[in-house]
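# Tertiary structure, described
Listed below are the residues making up each chain.
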Amino acid sequence: LGSTVSTSEIQGLHYHDNGNNEQLLAVIGSTLFSYSPSSWGSALGTFATGSTEQYNFAQLVDKSYFVNATTEMQRWTGSTIQAGSTFMGSTSAPSGLHFIERHQNRIAAARTSANPDWIYFSDILDGTNYPSASIIKVGGSDGDPIIGIKTCVEYLLFVAKEKEIWVVDTTSGV
C-alpha cells in the first residue's frame, strides 16, 4: 500500500463484491482498508487484535468473514466491521481459527489451538451458525495440524496437513 496508507506489512487481501459495491480489502495491524477505483482510501474501521498473524478471508452471500488464528471471527458487511460476538448465532464458531474457505454455500473454518485437525462448517448460506453436527476431524488422532484448506471441484475440499493431504468429499453433505 506504500506510504499512501501505511508502510507496515499487509496481513491479508480480499476481493469483496456484494452486487452493488466491489472492494479490494487489506488488513494492516488492526485496521481494514479499501481500494476505490483509483486509490487506497481511509480506514474502513478497526477491530480488536494485537496480532501479527496473516488474515484469511471467505465471502458468503454478501458478507466477507475473516480469521487470523488469535481472535474471534470478524465480518465485513460492505459498510461495517463486526466482531463475531455481535453476529454469531446460537452455535458460534470458536475463536482462534486459522483458515477459512467458502465451500458448498457454507463457510468452512479450520484449526484452533485446542482442535488443530478440526473443520467447522456453517449452516447453508449462513455464516453465523456452526452446528456441532457439522464439525469433522481430519486424519483421526494423528495429531497432525491442518495448514490450509481449499475448495476444488464443487464438492471436494482439499485439506493440507503438515505430513499429508486429505480430500474431503462432501457430495452427500457435511
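What this report covers is the structure whose coordinates are included nearby. Since the model is a prediction, treat every value here as computed from it, not as a measurement. (Residues numbered from 1 in each chain as written. Predicted model: local features only at pLDDT ≥ 70, side-chain atom pairs only at ≥ 80, totals over all residues. Heavy atoms only, no water.)

## Brief notes about the sheet that holds strand E6 (residues 63–67)
As summarised here, the arrangement of the four strands in space is E5-E6-E7-E8, forming an open sheet in which the pairing is antiparallel. With partners counted over all chains shown, the strands left at the sheet margins are strand E5 (56–60) and strand E8 (81–83), one partner each. Between one strand and the next, the sheet's axes are offset by a mean angle of 25 degrees, whatever the strand orientation. Sheet topology note: the E5/E6 ladder contains five bridges and is antiparallel. Within E6, the residue paired with Leu 60 across the bridge is Lys 63. (Pairing = 2+ DSSP bridges. Helix = DSSP H or I, 4+ residues; strand = E, 2+ residues; numbered from the N terminus. Axes fitted to C-alpha atoms, helices over the stretch in contact; angles between N-to-C directions.)

## Some words on the environment of Asp 169
Of note, Asp 169 is situated in strand E15 (residues 165–169). Each C-alpha atom of the pair Asp 169 and Glu 9 lies 36 Å from the other, and the pair is 160 residues apart in sequence. In this structure, Asp 169 is in contact with Tyr 155 and Leu 156, ignoring residues within four places of it in sequence. Side-chain polar atoms of Asp 169 contact the side chain of Thr 171, separated by 2.3 Å. (Contact = heavy atoms within 4.5 Å. Polar contact = N/O pair within 3.5 Å; in protein donor to acceptor, adjacent residues only side chain to side chain.)

## Some remarks on the side chain of Gln 11
In this fold, Gln 11 is placed in the loop between helix H1 (2–5) and strand E1 (12–17). The exposure class of Gln 11 is buried, given its relative accessible area of 5%. Polar side-chain contacts of Gln 11 include one of 2.5 Å to the backbone nitrogen of Gly 29. Of the polar contacts made by the side chain of Gln 11, one reaches the backbone oxygen of Glu 53; its length is 3.0 Å. (Buried < 20%, exposed > 50% of the residue type's maximum accessible area, 1.4 Å probe, protein only.)

## Observations concerning the pattern of salt bridges
Side-chain pairs of opposite charge can arise whenever the charged atoms involved come near each other. Across all of its chains, the model carries three salt bridges by this definition. As a salt-bridge pair, Glu 101 and Lys 150 come within 3.7 Å of each other at their nearest N and O atoms. Taken together, the residues Glu 101 in strand E9 (residues 99–103) and Lys 150 in strand E13 (residues 146–152) connect sequence positions 49 residues apart. Residue class for Glu 101 comes out buried when judged on its relative accessible area of 12%. (Salt bridge = Lys/Arg side-chain N within 4 Å of Asp/Glu carboxyl O.)

## Comments concerning the pairing of E5
Side-chain positions along a regular strand alternate between the two faces of the sheet. Among the five residues that make up E5, four are buried, leaving the element largely enclosed by the rest of the structure. Linking two consecutive strands that pair antiparallel, namely E5 and E6, is a turn of two residues; a positive phi of about 55 degrees is found at Val 61 within it.

## What about the sheet that holds E15?
Read from one edge of the open sheet, three strands run E13-E14-E15, paired in antiparallel fashion. Two strands in the sheet have a free side with no partner beyond their single neighbour: E13 and E15. Adjacent strand axes in the sheet meet at a mean angle of 20 degrees, parallel and antiparallel pairs treated alike.

## Overview of a nonpolar patch on the surface
Taken together, the side chains of Ile 10, Leu 13, Tyr 15, Leu 24 and Tyr 35 present a nonpolar region at the surface, about 420 Å² in accessible area. Tracing the backbone shows Tyr 35 in strand E3 (residues 31–35). (Patch = residues over 30% accessible without salt bridge, like charges linked within 9 Å, V, L, I, M, F, W, Y side chains within 5 Å. Areas by Shrake-Rupley, 256 points an atom, 1.4 Å probe, with all protein chains shown as cover.)

## Some thoughts on the nonpolar core
Note on soluble globular proteins: their nonpolar side chains tend to be buried together. Ranked by internal contacts, the top residues of the largest apolar core, which has 14 residues, are Tyr 65, Met 73, Leu 97, Ile 100, Ile 107 and Tyr 130. When sequence neighbours within four positions are dropped, the list of residues in contact with Tyr 65 reads Asn 56, Phe 57, Ala 58, Leu 60, Met 73, Gln 74, Arg 75, Phe 87, Ile 100, Ile 107 and Gly 127. Residues Ile 119, Val 138, Ile 149 and Val 159 belong to the second largest nonpolar core, which totals 11 residues. (Core = buried A, V, L, I, M, F, W, Y, C linked by side-chain atoms within 4.5 Å.)

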